Amino acid sequence: MVVLTTKLTQKFNLSSNWFIVGQISASLFIILFGDLEVSYINQIELGYLAIPFSLLFLVGFTNVMNIEEEQQPLILLLPCISLLCLSAAAFVMGFTFVSITGLFAVLTIMLCRSVIGEKVLERSFTTSIGFVMAVLSLMLFKSSFITIYIPIFTLALPLAIYLILQMKITSAQAMIISASIAVLFGLLMFIIPFNVVWYLVVGATVVLAISQFSRKYRFI
């Protein structure tokens, strides 16, 4: 559904709103038929806000890699790192399905990278990666709110840093720095206390949200 609406929108030069329509439709299907609705956050019952919150989560993180400029395949290193961190966290938490699916997603990205070569990435491909990560993250999010740390600190934040740095240094150098930051935050997830992670999540979320008001630093 995500790929189809993206392809059709680009082919017929339709309004970008159709991107969101496809993503909302796919997300609602996952929420209603996949039972991925988040009903509680830190023992706070969401009630009627459960479906809207889950929908916002899925659509929001689906578009993390849906950046405006065309990007080289080099950028695929970041979602691979994030998916590996997500798989490791899922394994520790006992979610074998999420862990295995995350690893298969990494292998799929690597396979597609070898097929793509040096061609620029299509929007349907990057959006699909975002959607898969959003669904897997939401699976863990249902059990522990702190797992929102993974997509924020191992993908969204390093991606923002990469987009800023590549305007000043080469893309390869920017990727090395961003990937190192993603790995560092991924390792910290298994070392530092959860209450510290909570403050990092809140702080980074506020910073990323504010940065999106400036077109210069916008990537979501």
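Note that residues are indexed from 1 along each chain, following the sequence as it is written. Where local features are concerned, this predicted model is filtered to residues with pLDDT of at least 70; where side-chain atom pairs are given and counted, the filter is 80 or more; whole-chain, interface and lining totals use all residues. Note: side-chain values were computed over all heavy atoms of the structure, leaving out hydrogens and water.

1. Some remarks on the packing of aromatic side chains
In step 1: In this scheme Phe, Tyr and Trp rings, the latter by its six-membered ring, pair at centre separations within 6.5 Å, and the angle between planes marks the pair as stacked below 30 degrees, edge-to-face above 60, and tilted otherwise. In the structure shown here, the tally under the stated rule is 6 aromatic pairs.
In step 2: Taking the centre distance of 4.9 Å and the plane angle of 55° together, the rings of Phe57 and Phe61 count as tilted. Here Phe57 and its partner Phe61 are both found in helix 3 (residues 50–62), 4 residues apart, which amounts to about one turn of the helix.
In step 3: These aromatic residues form a ring-pair network of at least three members: Phe53, Phe57, Phe61 and Phe141. Only DSSP runs of H or I covering at least 4 residues are called helices, and only runs of E covering at least 2 are called strands; the numbering of each starts at the N terminus.

2. Focus on helix 2 (residues 17–34)
In step 1: A helix is expected to span 1.5 Å multiplied by its residue count minus one. If you check helix 2, its first and last C-alpha atoms are 25 Å apart, about what 18 residues at 1.5 Å a residue would give, namely 26 Å.
In step 2: Accessible area is worked out with a 1.4 Å probe on protein chains only. A residue is then buried under 20% of its type maximum, exposed over 50%, and partly exposed in between. Every buried residue of helix 2 is accounted for by Phe19, Gly22, Gln23, Ala26, Ser27 and Ile31. Angular distribution of buried residues about the axis of helix 2 spans 165°; they occupy a single face of the element. Opposite its buried face, helix 2 presents the exposed residues Asn17, Leu32 and Phe33, each directed more than 90 degrees away. Each C-beta atom gives one direction from the helix axis, and the arc is the one those directions make.

3. A closer look at the side chain of Ser27
In step 1: Relative to the elements of secondary structure, Ser27 occurs in helix 2.
In step 2: A relative accessible area of 0% means that Ser27 is categorised as buried.
In step 3: Within polar-contact distance, the side chain of Ser27 engages the backbone oxygen of Gln23 at 2.7 Å.
In step 4: Throughout, a contact is declared for two residues whenever any of their heavy atoms are within 4.5 Å. With near-sequence residues (within four places) excluded, Ser27 lies in contact with Leu55, Leu58, Val59 and Phe131. As used in this structure description, the phrase polar contact means that two N or O atoms lie within 3.5 Å; if the pair is within protein, one of them must be able to donate a hydrogen and the other to accept it, and residues adjacent in sequence are counted only when both atoms belong to side chains.

4. Re the packing of helix 4 (residues 77–93) against helix 5 (residues 96–116)
In step 1: It is at 7 Å that the axes of helix 4 and helix 5 come closest, and there the two elements cross at 165°. Considering their axes alone, helix 4 and helix 5 lie roughly antiparallel with respect to each other. Seen from above, helix 4 lies across helix 5 with left-handed handedness. Here Pro79, Cys80, Leu83, Leu84, Leu86, Ser87, Ala90 and Phe91 of helix 4 lie close against helix 5, whose contacting residues are Val98, Ser99, Gly102, Leu103, Ala105, Val106, Ile109 and Met110.
In step 2: Residue classes follow a fixed rule: Ala, Val, Leu, Ile, Met, Phe, Trp, Tyr, Cys and Pro count as nonpolar, while Asp, Glu, Lys and Arg count as charged, and any other residue, Gly among them, counts as polar. Here the contact of helix 4 with helix 5 is built from residues that sort into 13 nonpolar, 3 polar and no charged. A fitted line through C-alpha atoms represents every axis, and for helices the fit uses only the stretch in contact; the resulting angles, taken between N-to-C directions, go from 0 to 180 degrees. For classification purposes, an angle smaller than 35 degrees is called roughly parallel, one larger than 145 roughly antiparallel, one from 65 to 115 roughly perpendicular, and anything else oblique. By definition, any crossing whose near helix is turned counterclockwise from its far helix by less than a right angle is left-handed, and any crossing with a clockwise turn is right-handed.

5. Some words on helix 1 (residues 2–11)
Because the α-helix completes a turn every 3.6 residues, residues three or four places apart line up on one side.
In step 1: Val2, Thr5, Thr6 and Thr9 are the residues of helix 1 that are buried. Looking straight down helix 1, one finds that the buried residues subtend no more than 100° of arc, so they occupy a single side. Set apart from the buried face of helix 1 by more than 90 degrees, the exposed residues are Leu4 and Lys11.
In step 2: Looking at the packing, one finds that the buried side of helix 1 touches helix 2 and helix 6 (123–141).

6. Some thoughts on the state of the cysteines
In step 1: A pair of cysteine sulfur atoms is labelled a disulfide when the two atoms are within 2.5 Å. By the definition in use, this model includes 0 disulfides.
In step 2: There is no disulfide at Cys80, and the cysteine sulfur nearest it, in Cys112, is 10 Å away.
In step 3: Accessibility expressed as a relative area gives 11% for Cys80, which makes it buried.
In step 4: Free of any disulfide, Cys85 has its nearest neighbouring cysteine sulfur in Cys80, separated by 11 Å.
In step 5: Of the residues examined, Cys85 reaches a relative accessible area of 10% and is grouped as buried.

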